[in-house]
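Overview (structure and organization)
The chain contents come next:
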Amino acid sequence: KEQAMRVKQLYEQQNNVNTSQSTGTDINESRLREETKENTSDMLEDHPTTEDLAREDQVFGRNIFNNEMLTFEPSMNIPTPANYRLGAGDAVIIDVWGASQITFEGTVSPDGTVTIEGVGPLTLAGMTVKEANDYVKKQLGRFYSNSNITLTVGETRSIQVQVMGEVMVPGTYTLSALSSAFNALYAAGGISEIGTLRDIKVFRQGRVVSTIDVYDYILNGNTKGDIRLADNDVIVVGPYECLVNIRGKVKRPMFYEMKEDESVSRILDYAGGFAGDAYTDNVRLIRKSGREYSVYTVGEFEMNGFLLKDGDSLYVDSIIPRFSNMAEIRGAVFHPGQYQMDGSIKTVRQLIKAADGLREDAFLKRAVMHRQKEDLTMEALSVDVEGIMDGVADTPEKMDKYIKTIYNL
């Protein structure tokens, strides 16, 4: 019976060993596969696909025309600009005062005229407010001498504008004649997921009258391209050409639409520049070459000339988490802590003086200096604090050299 129990125990132990070895092998193989997969995809997993690049909430500036806090509605409570051109449907008010007191009100007819009682029709369509004022003064001055004459615009007319291309709701929109291109883009729901922000064109009578770069407006406040619209203008938003992602230690990491002649330094400007803890000597760029990924290390002096392509992804690393010129003192000194090693502090004596000297309870016969060698191992050196402060003891460097000389090391 006892022999049978021993055989049974031996059999079970062998099974347990085999199971353990098999399980360990499976675990090791699984871990190896995971590490291989992780190492292979480490550079790629943080770089989104084309669909990810097109996500609206990640592209800088794309939500400007569908932001609830930015209405882009034209202000109607301001004087009509002097360069506003009159057209059919505009209400005009002509005030005469001085020797005569009278007010004429009328609306520009479809044929472009306003009829003034006792004067006749005046053709005002196509004139700016300033030109219309001069014209009315000349025409009415013959009937109302020694009087002041002023033309103002009351309710402005409506215009129809077509917004086409990559916008949320393309179509024809009826807007105030004081509306600009931004007002029309807002009315169309903003730019779609693949629409451009850098090359929006405004067509008038078949030719381009304005090209809008939304980044120039957002970053520089330049509204030069945001012209006032005219009836039957067409706004065309094409697809973006180059979308680039920047991550890591920049102030505004996200996706940016770039032009074909813009470089790494330009996207760094768009991203607000390097963060305070950024590694600035180079940046890492991942590029899709058509078949596989390529990685580029763009140095500090190459950033201005390295042009970006669609799908590029940049990463700005952080600084190395260590000090290049630090010595630390602890223990019985008045101000323990970290100090600048170069400059005025080059010796143990100078370091102790920088820490405001030794406390009264300091043990002066021996201190320990810990130093990291070139191979990153630590060594401990004995320091005669009292001798160093009195100027009669050798430094650890001199002691090391002396010992090596004696023993022919």
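Heads up: the structure comes first, above all this text.
Residues numbered from 1 in each chain as written. Predicted model: local features only at pLDDT ≥ 70, side-chain atom pairs only at ≥ 80, totals over all residues. Heavy atoms only, no water.

**Here's the deal with the pairing of strand E7 (residues 171-176)**
Sheet analysis places strand E6 (residues 158-165) next to E7, joined by six bridges and oriented antiparallel. Counterpart to Val 161 in the pairing with E7 is Tyr 173. (Pairing = 2+ DSSP bridges. Helix = DSSP H or I, 4+ residues; strand = E, 2+ residues; numbered from the N terminus.)

**Some remarks on helix H3 (residues 129-140)**
Within an α-helix, residues lying three or four positions from one another point in the same direction, as the helix has 3.6 residues per turn. Along its twelve residues, H3 runs 16 Å from first to last C-alpha, staying within 8% of the 16 Å computed at 1.5 Å per residue. All of the buried residues along H3 are Val 129, Ala 132, Asn 133, Val 136, Gln 139 and Leu 140. Down the axis of H3, the smallest arc covering the buried residues is 140°, so these residues share one side. Among the exposed residues of H3, those oriented more than 90 degrees off its buried face are Lys 130 and Lys 138. On the buried face of H3, the contacting elements are strand E1 (91-98), strand E2 (102-107), strand E4 (120-123) and strand E5 (147-153). (Expected span 1.5 Å × (residues − 1). Buried < 20%, exposed > 50% of the residue type's maximum accessible area, 1.4 Å probe, protein only. Arc of directions from axis to C-beta. Contact = heavy atoms within 4.5 Å.)

**Describing the sheet that holds E7**
Sheet architecture is open: five strands sit in the order E7-E6-E10-E8-E9, paired in mixed fashion. For this open sheet the edge positions go to E7 and strand E9 (207-212), each flanked by a neighbour on one side alone. Recorded for the sheet is a direction-independent mean angle of 25° between the axes of neighbouring strands. (Axes fitted to C-alpha atoms, helices over the stretch in contact; angles between N-to-C directions.)

**Let's talk about the sheet that holds E2**
The sheet built from three strands is open, its strands ordered E2-E1-E5 with antiparallel pairing. At either end of the open sheet lies a strand with only one pairing partner, and these are E2 and E5. Going across the sheet, the axis of each strand differs from the next one's by a mean of 15°, ignoring polarity. In terms of strand pairing, E1 meets E5 through seven bridges, oriented antiparallel. Residue Gly 98 lies in a different strand from E5, and its bridge partner there is Ser 147. Its contacts with the sheet place H3 against E1, E2 and E5, and it is angled at close to 145° to E5.

**Comments concerning the environment of Arg 330**
Examined against the element boundaries, Arg 330 turns out to sit in the loop between strand E16 (326-329) and strand E17 (337-340). Overall, Arg 330 belongs to the exposed group, its relative accessible area being 68%.

**Here's the deal with the layout of surface pockets**
To find leftover empty space, one rolls a probe the size of a water molecule over the atoms. By volume, the largest pocket is sized at about 1300 Å³. Residue lining of the largest pocket: 36 residues in total, with Ala 327, Glu 328, Leu 351, Met 369 and His 370 positioned closest to the centre. Elements that contribute at least two residues to the lining of the largest pocket include exactly E16, helix H7 (348-354), strand E18 (367-372), strand E19 (378-383) and helix H9 (396-406). Residues belonging to the lining of the largest pocket are distributed by class as follows: 22 nonpolar, seven polar and seven charged. Considering only enclosed or pocket space, the second largest pocket measures out at about 400 Å³ in volume. As for the second largest pocket, its lining consists of 17 residues, and the residues nearest its centre are Arg 85, Arg 157, Arg 204, Leu 229 and Ala 230. Across the lining of the second largest pocket, the residue classes tally to eight nonpolar, four polar and five charged. (1 Å grid on protein atoms, 1.4 Å probe; cavity = no way out; pocket = protein on both sides within 12 Å on 5 of 7 lines; lining within 4 Å. Points joined across faces, edges and corners; volume = space filled by probe spheres on them. Nonpolar A, V, L, I, M, F, W, Y, C, P; charged D, E, K, R; others polar.)

**Considerations on the environment of Val 153**
Relative to the helices and strands, Val 153 resides in strand E5. Val 153 sits 69 residues away from Tyr 84 along the chain, and the two C-alpha atoms are 9.6 Å apart. Sequence-distant contacts of Val 153, defined by excluding residues within four places in its chain, comprise Thr 80, Leu 86, Ala 91 and Val 129.

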